[in-house]
Every structure is written in structure tokens, then in C-alpha cells.
Amino acid sequence: MIFSRNAIFLAAIFVAGLASAAQPAAPRKSRQTREEYIDKYKSIAVRHMERYGIPASITMAQGILESDCGNSRLSVQSNNHFGIKCKRGWQGETVYHDDDAPGECFRAYPSVEASFLDHAEFLDRQPRYDSLFAYSSSDYKSWARGLKAAGYATAPDYAQRLVRIIEENELYLLDRNDGERLYASRTGGRTDPEAWFSEQTSVETAAASTSLIDPDDYRVTINAHCGYDVYATNGVHYILAKEGDTFERLGELFRLAPRNLRKFNDLTDKRAQPMTGEVIYIERKRRRWEGNARHHLCREGETAYAVGQSYAIRTRSVERLNRLKPGERLQPGRQLAIR
């Protein structure tokens, strides 16, 4: 039997069509859920919190909001998860995207991890965000308001959106010591994160319930601000005073009233000034030690005030825990309760 060339061509197309029809259709890639996004990147956010002092909850909330959980066109095409524009001095890859204006220049990254790192360094290096680092890394509400005030985004409710994401997903757990474990073991149903935290103890360096500790072991450098290293102990931020410092000058640098700085450090004398090398807290101290240890071993000449400054505990709280009189001298070797 003789077939025309056209008939053979049409038959080949028909057979190919049958073959392709027999192949299962490639599944469409589903949208990444918020929970999947958090599980994938929360470890990066926690590492950056430990290095830079940026709350992990804030990093995650911004990534969720800015990238639509990694589903936005900008994040898919350029791995840009924080909506950071090119800005002056950017020498990396770029992509153009409509945002506040058509065809704006945005940074492009070789990986999502690179985007997270650039986000941390962007906040760390830009002077307009310096004031944020005076806040505790667990104070996500102040960070959210500060980001909006510093102009990170133009949306008028940007801070409220971040806070809502954090609280809906309990991301505030990531800001705590051992935060990844706390987040993984969460049970839900907590509508008041601040009340929940007040009932918990921080998971810090393991210690027996009756062990004695040296507070210097808990000194952790969080960041630098205006030439001062910012440390944290017991979840409270502080600096070490330099020669010639006054509470008035420190107040200007850290945007705090001198009166509040004295209050944070349990000083009632309005004329009091810091001494060189002295610990100066830049936020309110705690009522008790939040670690596992329970006691402090007194040294020669210590007072309740000195112990409180060492552990970031309010002087009055130390006195109440140990039934001390104000200003009472402590005998060397005495054990003081700190929680």
C-alpha cells in the first residue's frame, strides 16, 4: 500500500499526540504556606539575632510580609525577600519591579540566604536604623514601630502588620533563649504573649537549682551603637560608661531621658553621674534572675545595689527576696536569692 507524504506526516502527529496524552501532566507548583516559610528560614533569623541583635520575630515577619511567604514575583525571580531597593553603593545584581513607582531598581541575590544576610547588614549599617538597637531583641513591638518611623516601608499600618504576623504565628518565641525549641514545642492558644512570657524562665546555660554563678559569664555583646558596645544580661541591654560620660550625654546618644537612665540604674540622686567602666542599663531591669540558678555568693563590700547591677535585677527586688534593709552591707560568702 502506498501512502502520500502528507498522510505519513499527519499520522506521526497523531501518534505523538497520543504519546503525550499518555504522560501525566506536570503538577503545578503550589504556593508556599506561611508555616513552611517559617520552618525553612527561622534558623537563619535566629542566627542573625544572636549576631546583630535584630529580633528573629521581626526578621521572619518582614520576610513573610515583604515576600508573601516567598511567593511574590520579586522573591521568586531575584531571591529578594525584604523588598530592599538598590540604593547608592549597591554593586550586586539588580532587577526592576513596580513598587511605589514603575520600574524601580531592586537588589537581586544568588540565594535566599544571601537576602537574609543583606537584610541584617542593611539594618546594621544604615544610620537611620541606629536607634532600633537600643531596644531589647525581645521587644518586637518597639522594633516594628521603629522600622516604620525610620522609613523602611510606606504603608501607614506597617508596624501593626508586623505585630499581627508575629502574634498570630507566635514568632515571639524565637526571640527567647532556646527559641527554636520553644517554637517547635508550642501548643497554641496563647493570645497574650507578654503575659505568657512573664510566667516563664529563660532557658540559659544549664545550672543546678542550687548552684552559684558569676554574672560575668552571662555578658553577651549584642551590637554597637554610637561607638559603644551594647551588651545584654538577663535579657536587659547595657553599656559600659566611658571617661567623661554623663547621663545627659548618654541620653542624647540613646534617645532616653537622663531621668529614665538614672531610674533604670536605681539611682535616686538627680546629680549622680556614671563612673568610667560602670555598667549602665539602657532599659528597665528585671524583678528577678530569669536563668536556672537561684543564688549569688556575696563578695567583700557588696550591697543589694551592686548585686542588682551585676544580674540586671532591680535593687528593691534583691532586698525583698532576701529581706534586706536598704543599703545593708553583706557578709562575704553569704548566699543571696536572685529568683
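## A few points about helix 7 (residues 158-168)
Stage number 1. Among the residues making up helix 7, those that are buried are Y158, A159, L162, V163, I165 and I166. Down the axis of helix 7, the buried side of the element spans an arc of 160°, and every buried residue falls inside it.
Stage number 2. Tucked inside the fold, the buried residues of helix 7 contact helix 2 (34-52), helix 3 (56-67) and helix 6 (140-149).
Stage number 3. Once helix 7 finishes, E170 follows within two positions and takes phi at roughly 55°, a positive value.

## Let's talk about the pairing of strand 4 (residues 228-233)
Stage number 1. With respect to burial, strand 4 is a largely interior element, five of its six residues being buried.
Stage number 2. Pairing analysis gives three bridges linking strand 4 to strand 5 (residues 236-240), with the strands arranged antiparallel. Of the residues in strand 5, the one forming a bridge with Y231 is Y238.
Stage number 3. Hairpin connection, strand 4 to strand 5: the antiparallel pair is bridged by two residues, and N234 has positive phi, about 55°.

## Considering the nonpolar core
Stage number 1. If you look at the biggest cluster of nonpolar residues, it comprises 46 residues, and the most contacted ones within it are M60, Y152 and L171.
Stage number 2. For this core, the secondary structure elements donating two or more residues are helix 2, helix 3, helix 5 (112-125), helix 6, helix 7 and helix 8 (179-184).
Stage number 3. Counting residues per element, this core draws most heavily on helix 2, which supplies eight residues.
Stage number 4. Look past the residues within four positions of L171 in its chain and what remains in contact with it is I38, S57, M60, A61, I64, I165, I166 and Y183.

## Quick word on the state of the cysteines
Stage number 1. In this structure the tally under the stated criterion is one disulfide.
Stage number 2. Between C86 and C105 runs a disulfide, and the two sulfur atoms are separated by 1.9 Å. Between C86 and C105 the sulfur-sulfur dihedral comes to about -70°; the bridge is accordingly left-handed. Of the two residues, C86 sits in the loop between helix 4 (73-78) and strand 1 (94-97) while C105 sits in strand 2 (residues 104-107), which places them 19 residues apart along the sequence.
Stage number 3. A residue is classified by how much of its surface remains accessible, and C86, at 9% relative accessible area, is buried.

## Side note on the confidence of the model for the protein chain
Stage number 1. Averaged over the protein chain, the pLDDT score is 80; the fraction of residues at 70 or greater is 80%.
Stage number 2. Looking at the elements of the protein chain, mean pLDDT is at its lowest for helix 9 (residues 193-198), recorded as 40, and at its highest for helix 3, recorded as 95.
Stage number 3. Low pLDDT, under 50, characterises residues 187-221; the predicted model gives this stretch 73 contacts beyond four residues in sequence or across chains.

## So, helix 10 (residues 247-254)
Stage number 1. Those residues of helix 10 that fall on the buried side of the exposure criterion are F247, L250, G251 and F254. For helix 10, the angular spread of the buried residues around the axis is 105°, confining them to a single face.
Stage number 2. Among the residues trailing helix 10, R255 stands out with phi positive, at a value near 55°.

What counts and how
The residue count restarts for each chain, going from 1 along the sequence in the order it is written. Whole-chain, interface and lining totals are the exception, using all residues; otherwise, since this is a predicted model, local features are given only for residues with pLDDT of at least 70 and side-chain atom pairs are given and counted only at 80 or more. Hydrogens are left out, water is left out, and the side-chain values use all remaining heavy atoms of the structure. Relative accessibility decides the category of a residue: with a 1.4 Å probe and only protein chains considered, values under 20% of the type maximum give buried, values over 50% give exposed, and everything between is partly exposed. What counts as a helix is a DSSP run of H or I of at least four residues, what counts as a strand is a run of E of at least two, and both are numbered from the N terminus. The directions considered for the arc run from the helix axis to the C-beta atoms. By definition, residues are in contact when any of their heavy atoms lie within 4.5 Å. Should DSSP find at least two bridges between two strands, the strands are regarded as paired. In this text, buried Ala, Val, Leu, Ile, Met, Phe, Trp, Tyr and Cys residues form a nonpolar core when linked through side-chain atoms within 4.5 Å. Any two cysteine sulfur atoms within 2.5 Å of one another count as a disulfide. Think of pLDDT as the predictor's per-residue confidence, scored from 0 to 100.

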